[in-house]
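# Survey of secondary and tertiary structure
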Amino acid sequence: MNKPVIVTEESATAPVIVSDAAPGLAPKAAVAGPAYIVLAGISFSHFLNDTMQSLIASVYPILKDAYALDYAQIGMITLAFQFTASLLQPVVGHFTDKKAQPFSLAIGMGFTFFGLLLLSVAHLYPIILIAAALVGLGSAVFHPESARIARLASGGRYGFAQSVFQLGGSFGTSMGPVLAALIVVPFGQPSIAWFSSIAFLAIVILWRIGVWYKPQITTKKAAAVERHPDLPDFRRVRIALAVLVALLFSKQLYVSSLSSYYIFYLIDKFQVSTQAAQLYLFLFLAANAAGAFFGGPLGDRFGRKYVIWFSILGALPFTLALPYAGLVGSAVLTIFIGLIISSATSSIIVFAQELMPHRFGMISGVFFGVAFGIGGLGAAVLGKLADHTGIAFVYHLCAFLPALGLLAVFLPKIRQANSE
């Protein structure tokens, strides 16, 4: 893992400098290819991080029954977690643009470690909110800098590297309901403490990645990043970023409606058990993970704009059909929805990074932060709506969210060579 990675100048983001980055070395970067060991390590860390995060939503039925919580209070737990994650990620990204912190990932994972321990013993609603906020704080530190490491280790295959990174997180999210069904439901809230061992493993791996990352950074003053002549002007860049945020909004809010309330929807509509509902949720989240992996390479191959078009708008027929489907039909539809809608994630993030190459950490933090913030605010609003109108109405309303994919027509065309 100590082998240096040669990257192109486009991937060097001020003021983090990769010692071997120089325009004349671009051909060597292509030959070197991705640093697969580093990508595997950061993806596995993402898997562990998001596995622990997903436990929060997976234990909602337990917390709801144990403490007589309503849907609005459930939504506030998600908001507490997503609030710290979303607000702090751009701040962390901006700070690491100025001064990279190779061991910050391991330190950030420590907040998740303590958050899980606190959640396992929390018996008061405010303590549950604090525990969720601590897990969100760990996520805020993790995502911007780990996305930068994935890009440094990409060997120029940015979409592929982002997909490998996203795969770990998406697969980790899908494992939460399974682990909750197998461990937390039978053994109760205290068993959440067992998952702190996962956080400790992640700390060890991230410290080792920090050892690899540190030599890639120099203390030299960063050179100005030149804009590529094919990039749009700043006005169109701002419009494109706004469109990408809107597309991420539509995707993330729909995913949040499923990840936070799909269990309750299945229990309410089909009278399935809590464990069975968690396994149905796993089907959606596993499909979500698979779609996230394939989206990046497809964007490298065919263009990110086309992948964004397909993944957001392509999910619309399936989301519209979901509220009218039976139990088996719902399971099949959510698999298709997960596969299609999640394929946009890598392309949206890499597209935004290419529009603002001189603010890589901040842009990564903003888009990861927006994703978390939408999930948190969306969960709170949808929970309040479900209390007043019923959980089924929420899915009738959210079914139209992918129609916002039409906004992709306003995205500029960027030659694929810019990203490779």
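Everything quoted here is computed from the prediction, not taken from an experiment.

What follows covers the overall build of the protein. Tallying secondary structure elements over the protein gives 16 helices and zero strands in all. Across the 420 residues in the protein, those meeting the buried criterion constitute 58%. Counting only carbon and sulfur atoms, one obtains 72% of the accessible surface of the protein, whose full area is about 16,300 Å².

Here helix H14 (residues 344–355) spans 16 Å end to end across 12 residues, near enough to the 16 Å set by a 1.5 Å rise per residue. Summarising burial for H14: 12 of the 12 residues are buried, a large majority. Within the sequence span of H14, burial applies to Ala344, Thr345, Ser346, Ser347, Ile348, Ile349, Val350, Phe351, Ala352, Gln353, Glu354 and Leu355.

On to the packing of helix H10 (residues 274–302) against helix H11 (residues 304–313). Contact pair H10 / H11: the axes reach a minimum separation of 7 Å and the direction vectors enclose 130°. The angle between the axes of H10 and H11 places the two elements in the oblique class. For the pair H10 and H11, contact is made by Gly295, Gly296, Leu298, Gly299, Asp300 and Phe302 and by Arg304, Tyr306 and Val307, respectively. When its residues are assigned to classes, the contact of H10 with H11 shows four nonpolar, three polar and two charged.

What follows deals with the pattern of salt bridges. When their charged atoms lie close together, side chains carrying opposite charge are able to pair. Applying the stated criterion to the full structure yields one salt bridge. Arg304 is the salt-bridge partner of Glu354, the closest N and O atoms lying 3.2 Å from each other. Residue Glu354 is located in helix H14, and its partner Arg304 is located in helix H11; the two are separated by 50 residues in the primary sequence. Each member of the pair, Glu354 together with Arg304, is buried.

Averaged over the protein, the pLDDT score is 78; the fraction of residues at 70 or greater is 83%. The least confident element of the protein, judged by mean pLDDT, is helix H1 (residues 26–32) at 41; the most confident is helix H12 (residues 316–321) at 95. Note on residues 1–32: pLDDT under 50 across the span, and 70 contacts to partners over four residues away in sequence or across chains. Counted against residues more than four places away or in other chains, residues 219–226, with its pLDDT under 50, gives 10 contacts.

Okay, the packing of aromatic side chains next. A complete count under the given rule lists 13 aromatic pairs for this structure. Taking the centre distance of 5.3 Å and the plane angle of 10° together, the rings of Phe318 and Phe336 count as stacked. On the criterion of sequence distance, the pair formed by Phe318 in helix H12 and Phe336 in helix H13 (residues 327–341) is long-range, its members being 18 residues apart. It is Lys64 that lies over the ring of Tyr71; its NZ or CZ is 5.0 Å from the centre. Cation over ring: Arg301 sits above Phe302, and NZ or CZ is 5.3 Å from the ring centre.

With that out of the way, let us pick up the environment of Trp309. Relative to the elements of secondary structure, Trp309 occurs in helix H11. The contact partners of Trp309, leaving out residues within four places of it in the chain, are Gly314, Gly405, Leu406, Ala408 and Val409.

Together, Phe83, Leu87, Leu88 and Val91 line one region of the surface with nonpolar side chains, adding up to about 360 Å² of accessible area. Topologically, Val91 is positioned in helix H4 (residues 71–98).

Contact geometry of helix H9 (residues 234–270) with helix H16 (residues 391–398) gives a least axis separation of 9 Å together with a crossing angle of 145°. Judged by the sense of rotation from one axis to the other, the crossing of H9 with H16 is left-handed. Contacts between H9 and H16 involve Tyr254, Ser257, Leu258, Tyr261, Tyr262, Phe264, Tyr265 and Asp268 from the first element and Ile391, Ala392, Tyr395 and Cys398 from the second. Taken together, the residues that form the contact of H9 with H16 break down as 10 nonpolar, one polar and one charged.

As a further point, take the nonpolar core. Judged by nonpolar contacts, the single largest core of 83 residues is most densely connected at Ile56, Ile77, Leu206, Tyr254 and Tyr261. Residue contributions to this core peak at 10 residues, all from H9. Contact partners of Tyr254, with chain neighbours within four places excluded, come to Thr319, Leu322, Ile337, Ile341, Cys398, Ala399 and Leu401. Judged by nonpolar contacts, the second largest core, of 20 residues, contains Leu241, Val243, Ile312 and Ile348.

Criteria and thresholds
- Residues numbered from 1 in each chain as written.
- Predicted model: local features only at pLDDT ≥ 70, side-chain atom pairs only at ≥ 80, totals over all residues.
- Heavy atoms only, no water.
- Helix = DSSP H or I, 4+ residues; strand = E, 2+ residues; numbered from the N terminus.
- Buried < 20%, exposed > 50% of the residue type's maximum accessible area, 1.4 Å probe, protein only.
- Areas by Shrake-Rupley, 256 points an atom, 1.4 Å probe, with all protein chains shown as cover.
- Expected span 1.5 Å × (residues − 1).
- Axes fitted to C-alpha atoms, helices over the stretch in contact; angles between N-to-C directions.
- Parallel < 35°, antiparallel > 145°, perpendicular 65-115°, else oblique.
- Contact = heavy atoms within 4.5 Å.
- Nonpolar A, V, L, I, M, F, W, Y, C, P; charged D, E, K, R; others polar.
- Salt bridge = Lys/Arg side-chain N within 4 Å of Asp/Glu carboxyl O.
- pLDDT = per-residue confidence, 0-100.
- Phe/Tyr/Trp six-rings, centres within 6.5 Å; stacked < 30°, edge-to-face > 60°.
- Lys NZ or Arg CZ within 6 Å of the ring centre and 35° of its normal.
- Patch = residues over 30% accessible without salt bridge, like charges linked within 9 Å, V, L, I, M, F, W, Y side chains within 5 Å.
- Left-handed = near helix turned anticlockwise from the far one by under 90°.
- Core = buried A, V, L, I, M, F, W, Y, C linked by side-chain atoms within 4.5 Å.

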